[in-house]
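# Analysis of the macromolecular model
This is what each chain is made of:
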Amino acid sequence: MRIKASLFSLFSLFLLVGCNEQVSQSVNTQVRQDYREATQAFERAKNPLKRTENDTISVSSGIWLGDKSVKQEHREPLPAKLETPMGITYVSDEPQSLIEIAGQIHTLTGIPVIVDDMINKDDLKSIQLNHTGALSELLSQVSSDLSLYWYYQNQKIAFYRKETKTFTL
């Protein structure tokens, strides 16, 4: 009986060692495969915009900077004294039209304000403004409330309806 038990123990030991060897080889193979894939991914990550042979479009979710900068000639910075936290204070007791707002901005800043001819002044709603801060913030608030755009050019502020932008693809 002792011989049977010894043979059974020896057989079980061989089975366990054999199974363990197979599991070890399987794990080793998987580790090597994962290492190869990680190394390839690392190399691709070094140059994410590099095109592959069959890649027709490159896509990146990061920041894109064009190959050259273009200064917008018709956009200039507003006077620095009007771009401070106390740059301009505008208070209206009642809602005002765009024409009234433009006149008041001219009175407060000395900067002429132009309303583009394409804007139908009769279709615009009147708005009430209470603002202390940078002039650009006031202009952006008026533009946003009235669905318009604004720019500062040649020492004049202009409100306009449509804007054309060009993007390099």
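Structure shown above.
Let me begin by describing the structure that accompanies this report. (Residues numbered from 1 in each chain as written. Predicted model: local features only at pLDDT ≥ 70, side-chain atom pairs only at ≥ 80, totals over all residues. Heavy atoms only, no water.)

This part is about the overall build of the protein. Secondary structure summary: the protein contains 3 helices and 5 strands in total. Across the protein, helices and strands are ordered from the amino to the carboxyl terminus as α-β-α-β-β-α-β-β. With 169 residues in all, the protein has 21% of them scored as buried. For the protein, contacts bridging at least 24 residues in sequence account for 62% of all contacts bridging at least 6. For the protein, the accessible area works out to roughly 13,700 Å², and carbon and sulfur atoms hold 54% of it. (Helix = DSSP H or I, 4+ residues; strand = E, 2+ residues; numbered from the N terminus. Buried < 20%, exposed > 50% of the residue type's maximum accessible area, 1.4 Å probe, protein only. Contact = heavy atoms within 4.5 Å. Areas by Shrake-Rupley, 256 points an atom, 1.4 Å probe, with all protein chains shown as cover.)

Once that is clear, we can look at the sheet that holds strand S4 (residues 149-153). The 3 strands are arranged S2-S5-S4 in an open sheet whose pairing can be described as mixed. Edge positions in the sheet fall to strand S2 (113-115) and S4, since each has one partner strand and no second. Within this sheet the neighbouring strands show an average axis-to-axis angle of 20°, counted without direction. Of the pairings in the sheet, the one linking S2 to strand S5 (residues 156-160) comprises 3 bridges and is parallel in character. The partner of Val115 across the bridge, within S5, is Phe159. Its contacts with the sheet place helix H2 (residues 98-109) against S2 and S5, and it is angled at close to 165° to S2. (Pairing = 2+ DSSP bridges. Axes fitted to C-alpha atoms, helices over the stretch in contact; angles between N-to-C directions.)

Let's shift gears to helix H3 (residues 135-146). The end-to-end C-alpha distance of H3, which contains 12 residues, comes to 17 Å, matching closely the 16 Å that a straight helix rising 1.5 Å per residue would cover. What H3 keeps buried is the set Leu135, Ser136, Leu138, Leu139, Val142, Ser143 and Leu146. Taken end-on, H3 shows its buried residues confined to a sector of 160°, consistent with a single buried face. Looking at the buried positions of H3, the neighbouring elements they touch are strand S1 (88-91), H2, strand S3 (130-133), S4 and S5. Ser147 sits one or two positions beyond H3 and adopts a positive phi of about 55°. (Expected span 1.5 Å × (residues − 1). Arc of directions from axis to C-beta.)

Per the counting criterion, the structure on display carries 2 aromatic pairs. Summarising the aromatic geometry, the rings of Tyr149 and Tyr160 are spaced 5.5 Å apart at their centres and angled 25° between planes, so their arrangement reads as stacked. Of this pair, Tyr149 sits in strand S4 while Tyr160 sits in strand S5, and the two are 11 residues apart along the sequence. Overall, Tyr149 belongs to the partly exposed group, its relative accessible area being 37%. Measuring from ring centre to ring centre gives 5.2 Å for Tyr151 and Tyr160, while their planes differ by 55°; the resulting arrangement is tilted. The exposure class assigned to Tyr151 is partly exposed, which follows from its relative accessible area of 22%. Here the aromatic cluster, defined as three or more aromatic residues joined through ring pairs, consists of Tyr149, Tyr151 and Tyr160. (Phe/Tyr/Trp six-rings, centres within 6.5 Å; stacked < 30°, edge-to-face > 60°.)

Within the secondary structure layout, Thr109 lies in helix H2. We classify Thr109 as buried; its relative accessible area is 18%. Side-chain polar atoms of Thr109 contact the backbone nitrogen of Ile111, separated by 3.1 Å. Other than its neighbours up to four places away in sequence, Thr109 contacts Leu82, Ile88 and Leu135. (Polar contact = N/O pair within 3.5 Å; in protein donor to acceptor, adjacent residues only side chain to side chain.)

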